[in-house]
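If you want the building blocks of each chain, they are given just below.
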Amino acid sequence: MSPLPSEVIASRLESIRAGLPSSARLVAVSKFHPADYVVKAYEAGQRLFGESRVQELVGKWERLHEAYPDIVWHFIGPLQTNKVKYIAPFISVIESVTSERLLREICRQAQRVGRTIPVLLELHVAQEETKSGFSRSELLELLGRIHAAPTEWQGIELRGLMAMASNVPDENQVAREFAEVRTTFESLRSSGLLLQPESFTELSMGMSGDYQIALSQGSTLVRIGSAIFGERL
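Here the structure is a predicted model, which is why all the values come from computation and not from measurement.

Asker: What is the right way to read the overall build of the protein from this model?
Answerer: What the protein contains, in helices and strands, is 9 helices and 8 strands. The globule rule puts the C-alpha radius of gyration for 233 residues at 17 Å, and the 17 Å found for the protein is close to it. Seen along its three principal axes, the alpha-carbon backbone of the protein occupies a region of about 55 × 45 × 30 Å. The 233 residues of the protein split such that 50% are buried. Contacts in the protein between residues far apart in sequence, at least 24 positions, make up 65% of those at least 6 positions apart. When the accessible area of the protein is evaluated, it comes to approximately 10,900 Å², of which 48% is carbon and sulfur surface. Measuring between centres, the 25 positive side-chain charges of the protein sit 4 Å from its 28 negative side-chain charges.

Here's what the structure looks like:
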């Protein structure tokens, strides 16, 4: 497979961004694609990128951060606790927090490097058991524990929720699942359990195949990869 020309990536980015409301931002998912593709997208005006493997992200950051210091990196994939330390010094947002254990490790590593790391809590709404994340009740319990002991959590800032819908052709089911995320998001914002409710503003949902549905349900971050960069080389 031949590398994509810069003008193709630029055209795809322009088309997607033109269809986004002012309330939503594009996370260009560059995972499995070379750093050169990130540069091509950067030159077309994109600054926010998503990666899902620690080793790949660290390699791209090391290659690009001096020449392109304003790139914003979101981690969007499964994250093992023993790998948090590698991205803690530079990651902008960790979107895929799926357990209290992981959240505590992010907090610990953030404090180690003198940062506060913004995070999104992943809500599990998809029908597939392979998808991970918290249930609504688990989120409420977690927020209750954080609210009761705020000094234990000074290395993280809760920015919102992330979710993936079921990978099914039924658009009504996908819409219902995204609507459930939105409802949960709003109930958490008004629960009185958030230490900084004014910062809890992000709803990351929607990928290349379903982001239009996600936008209709209030998504503020859409994670799009293949529609920009094509299949992995």
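More follows now that the structure is in view.
Asker: Explain the pairing of strand β8 (residues 221–224) here, please?
Answerer: Regular strands place side chains that alternate from one sheet face to the opposite one. Of the two faces of β8, the one lined by Leu221 and Arg223 and the one lined by Val222 and Ile224 are each fully buried. Across 4 bridges, strand β1 (residues 25–29) lies against β8 in parallel orientation. Note that in β8 the partner of leucine 26 across the bridge is valine 222.

Asker: What is the right way to read the layout of surface pockets from this model?
Answerer: With a probe scaled to a water molecule rolled over the atoms, the places where space remains empty come into view. Its boundaries defined by the atoms lining it, the largest pocket holds a volume of some 440 Å³. Every residue lining the largest pocket is counted, 23 residues in all, and those nearest its centre are Val29, Lys31, Ser52, Ile76 and Met207. Residue composition of the lining of the largest pocket, by class: 8 nonpolar, 10 polar and 5 charged.

Asker: It is not clear to me how the nonpolar core should be interpreted in this structure. Could you clarify?
Answerer: Nonpolar side chains in soluble globular proteins tend to end up buried together. Ile87, Ile94, Leu121 and Leu161 are the most contacted members of the largest nonpolar core, which totals 70 residues. Sequence-distant contacts of leucine 121, defined by excluding residues within four places in its chain, comprise Val97, Leu103, Phe134, Leu139, Leu142, Leu143, Leu158, Gly160, Leu161 and Met162. If you look at the next biggest cluster of nonpolar residues, it comprises 6 residues, including Val27, Leu48, Leu120 and Met162.

Asker: It is not clear to me how unusual backbone geometry should be interpreted in this structure. Could you clarify?
Answerer: Look at phenylalanine 32: it is not a glycine, yet its phi comes out positive at around 70 degrees. The residue phenylalanine 32 is located in the loop between β1 and α2 (35–43) in this model. For phenylalanine 32, a relative accessible area of 26% puts it in the partly exposed group.

Asker: Whenever I open this one, α2 confuses me. Can you help?
Answerer: Each α-helix turn comprises 3.6 residues. Residues three or four places apart therefore point the same way. In terms of burial, α2 is a largely internal element, 7 of the 9 residues being buried. Buried within α2 we find Ala35, Tyr37, Val38, Val39, Lys40, Ala41 and Tyr42. Those residues of α2 that are buried are in contact with α1 (6–18), β2 (48–51), α3 (54–64), β3 (72–75) and α9 (226–229). Positive phi shows up at glycine 45, right after α2, with a value of about 100 degrees.

About the thresholds
- Residues numbered from 1 in each chain as written.
- Predicted model: local features only at pLDDT ≥ 70, side-chain atom pairs only at ≥ 80, totals over all residues.
- Heavy atoms only, no water.
- Helix = DSSP H or I, 4+ residues; strand = E, 2+ residues; numbered from the N terminus.
- Rg over C-alpha atoms; globule rule 2.2 N^0.38 Å.
- Buried < 20%, exposed > 50% of the residue type's maximum accessible area, 1.4 Å probe, protein only.
- Contact = heavy atoms within 4.5 Å.
- Areas by Shrake-Rupley, 256 points an atom, 1.4 Å probe, with all protein chains shown as cover.
- Lys, Arg positive; Asp, Glu negative; His and termini not counted.
- Charge placed at Lys NZ, Arg CZ, Asp CG, Glu CD.
- Pairing = 2+ DSSP bridges.
- 1 Å grid on protein atoms, 1.4 Å probe; cavity = no way out; pocket = protein on both sides within 12 Å on 5 of 7 lines; lining within 4 Å.
- Points joined across faces, edges and corners; volume = space filled by probe spheres on them.
- Nonpolar A, V, L, I, M, F, W, Y, C, P; charged D, E, K, R; others polar.
- Core = buried A, V, L, I, M, F, W, Y, C linked by side-chain atoms within 4.5 Å.

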